[in-house]
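Okay, here's what each chain looks like letter by letter:
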Amino acid sequence: MTGLKQSAVSAVCAGRDERGTAFRQHPLPGPYPYVGLDAQYLKVHAGDRVRSLAYVVATGVNGAGDREVLGGDVGCRVPHCLATRVPRSLTAA
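Predicted model only: the values in this text are computed from it and were never measured.

K.L.:
Could you clarify how one ought to interpret the overall build of the protein in this entry?
P.N.:
A tally of regular secondary structure across the protein gives two helices and three strands. Written out in order from the N terminus, the α and β elements of the protein read α-β-β-β-α. Put simply, the protein has 93 residues, and 18% of those count as buried. By element, 56% of the accessible surface of the protein is carried by carbon and sulfur atoms, the whole surface being about 7,000 Å².

What follows is the structure in structure tokens.
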């Protein structure tokens, strides 16, 4: 890609970060009888290294039977560290 200015990229990233924070901190609207966690490993550039990190996503089924993404987080290579952090980060309304 050519023609992208650093200020334009920074503005897009800032908006993305704000939306991501708002999503992670939003209260859940109702009870979810079923909640599941799933992890996927991603290769992430960190400085001059490429690291393997786990992305854990929490998915819930609401009372109407609809599936919704409730939250997620990227963290260490060992998914069990996120298996407790992700559910604890979900907040009820």
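From this point, the discussion proceeds with the structure in view.
K.L.:
Just checking my understanding: could you explain the sheet that holds strand S3 (residues 67-75) for this structure?
P.N.:
For sheets, the rule is that strands pair by backbone hydrogen bonds, running either parallel or antiparallel. Read from one edge of the open sheet, three strands run S1-S2-S3, paired in antiparallel fashion. Because the sheet does not close on itself, it has two edges, and the strands there are strand S1 (34-46) and S3. Pairwise comparison of adjacent strand axes, ignoring direction, gives a mean angle of 20° for this sheet.

K.L.:
Mind showing me how you'd approach the pairing of S1 here?
P.N.:
In this structure, S1 lies alongside strand S2 (residues 49-61), joined through 13 bridges in antiparallel fashion. Bridged to alanine 46 within S2 is arginine 49. Connecting S1 to the next strand, S2, in antiparallel fashion are two residues, including glycine 47 with a positive phi near 70°.

K.L.:
What is the right way to look at a nonpolar patch on the surface in this model?
P.N.:
Residues Leu42, Tyr55 and Val74 make up a contiguous nonpolar surface patch of about 220 Å² in total accessible area. Its place among the elements puts valine 74 in strand S3.

K.L.:
Just to check I follow, could you spell out the side chain of asparagine 62 for this structure?
P.N.:
Among the secondary structure elements, asparagine 62 is positioned in the loop between S2 and S3. Side-chain polar atoms of asparagine 62 contact the side chain of glutamate 68, separated by 2.8 Å. Setting aside chain neighbours within four positions, we find asparagine 62 in contact with Pro31, Tyr32, Pro33 and Glu68.

K.L.:
Is there a simple way to explain the environment of glycine 60 in this structure?
P.N.:
Among the secondary structure elements, glycine 60 is positioned in strand S2. Distance in space between the C-alpha atoms of glycine 60 and leucine 37 is 8.9 Å, their sequence separation being 23 residues. Excluding anything up to four places from it in sequence, glycine 60 contacts Tyr32, Tyr34, Val35, Asp66, Arg67, Glu68 and Leu70.

K.L.:
Got a minute to help me understand the pairing of S2 in this structure?
P.N.:
In summary, the side chains of a regular strand alternate between the two faces of the sheet. In this sheet, S3 lies alongside S2 in antiparallel orientation, the contact comprising eight bridges. Residue tyrosine 55 lies in a different strand from S3, and its bridge partner there is valine 74.

Analysis parameters
Residues numbered from 1 in each chain as written. Predicted model: local features only at pLDDT ≥ 70, side-chain atom pairs only at ≥ 80, totals over all residues. Heavy atoms only, no water. Helix = DSSP H or I, 4+ residues; strand = E, 2+ residues; numbered from the N terminus. Buried < 20%, exposed > 50% of the residue type's maximum accessible area, 1.4 Å probe, protein only. Areas by Shrake-Rupley, 256 points an atom, 1.4 Å probe, with all protein chains shown as cover. Pairing = 2+ DSSP bridges. Axes fitted to C-alpha atoms, helices over the stretch in contact; angles between N-to-C directions. Patch = residues over 30% accessible without salt bridge, like charges linked within 9 Å, V, L, I, M, F, W, Y side chains within 5 Å. Salt bridge = Lys/Arg side-chain N within 4 Å of Asp/Glu carboxyl O. Polar contact = N/O pair within 3.5 Å; in protein donor to acceptor, adjacent residues only side chain to side chain. Contact = heavy atoms within 4.5 Å.

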